[in-house]
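Residue strings, one per chain:
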Amino acid sequence: MKSAFISYIKEFMHLRRYTIRIIDAYTTWISRYIHFHNMVYPAKLADKDVEAFLTHLACDQKLAASSQSIALNSLVFLYKEVLKSPLAIDIKFKRSAIK
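Residues numbered from 1 in each chain as written. Predicted model: local features only at pLDDT ≥ 70, side-chain atom pairs only at ≥ 80, totals over all residues. Heavy atoms only, no water.

Trainee: Looking at this model, I keep getting lost on the side chain of Thr27. Mind explaining?
Mentor: One can find Thr27 in helix H2 (residues 20–36). When sequence neighbours within four positions are dropped, the list of residues in contact with Thr27 reads Ile6, Ile9 and Lys10. (Helix = DSSP H or I, 4+ residues; strand = E, 2+ residues; numbered from the N terminus. Contact = heavy atoms within 4.5 Å.)

Here's what the structure looks like:
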């Protein structure tokens, strides 16, 4: 069963005419972010938690830079558009070296 929060995000994006592929990609990364932080609601997390997740993707998961970029964009969207609490401009995380 999908969470009501993820369903809300999907509807939010659909009403703003995002493509199905972008909706699926963003909600997948947002779900992974929430699971990484043990199901804590994203509004209760801070920039340092975003940094930890993105660094985890590069260091532990060995994701390519393009995948890390999509994850970052999905979290920027989540905080800016959905939660109305934009991330800091200068978040610091280890960038993936894999192209």
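The discussion continues.
Trainee: Help me out: how do you make sense of the layout of surface pockets in this one?
Mentor: Over the atoms a probe the size of a water molecule is rolled, and this reveals where empty space is left. Estimates place the volume of the largest pocket at around 180 Å³. Forming the walls of the largest pocket are 12 residues, and the residues nearest its centre are Ser3, Ile6, Ile34, His35 and Met39. Where the lining of the largest pocket is concerned, the elements lending two or more residues are helix H1 (4–15) and H2. For the lining of the largest pocket, the element with the most residues is H2, which contributes 3 residues. (1 Å grid on protein atoms, 1.4 Å probe; cavity = no way out; pocket = protein on both sides within 12 Å on 5 of 7 lines; lining within 4 Å. Points joined across faces, edges and corners; volume = space filled by probe spheres on them.)

Trainee: I would appreciate a short explanation of helix H4 (residues 65–82) in the present structure.
Mentor: The terminal C-alpha atoms of H4, which comprises 18 residues, lie 25 Å apart, in line with the 26 Å expected from a rise of 1.5 Å per residue. Buried residues of H4: Gln68, Ala71, Leu72, Ser74, Leu75, Phe77, Leu78, Tyr79 and Val82, and no others. Trailing H4 by a residue or two, Lys84 shows a phi angle of about 55°, which is positive. (Expected span 1.5 Å × (residues − 1). Buried < 20%, exposed > 50% of the residue type's maximum accessible area, 1.4 Å probe, protein only.)

Trainee: Looking at this structure, how should I read the environment of Lys44?
Mentor: Structurally, Lys44 is set in the loop between H2 and helix H3 (47–59). Taking the C-alpha atoms as reference points, Lys44 and Tyr33, 11 residues apart in sequence, are found 13 Å from one another.

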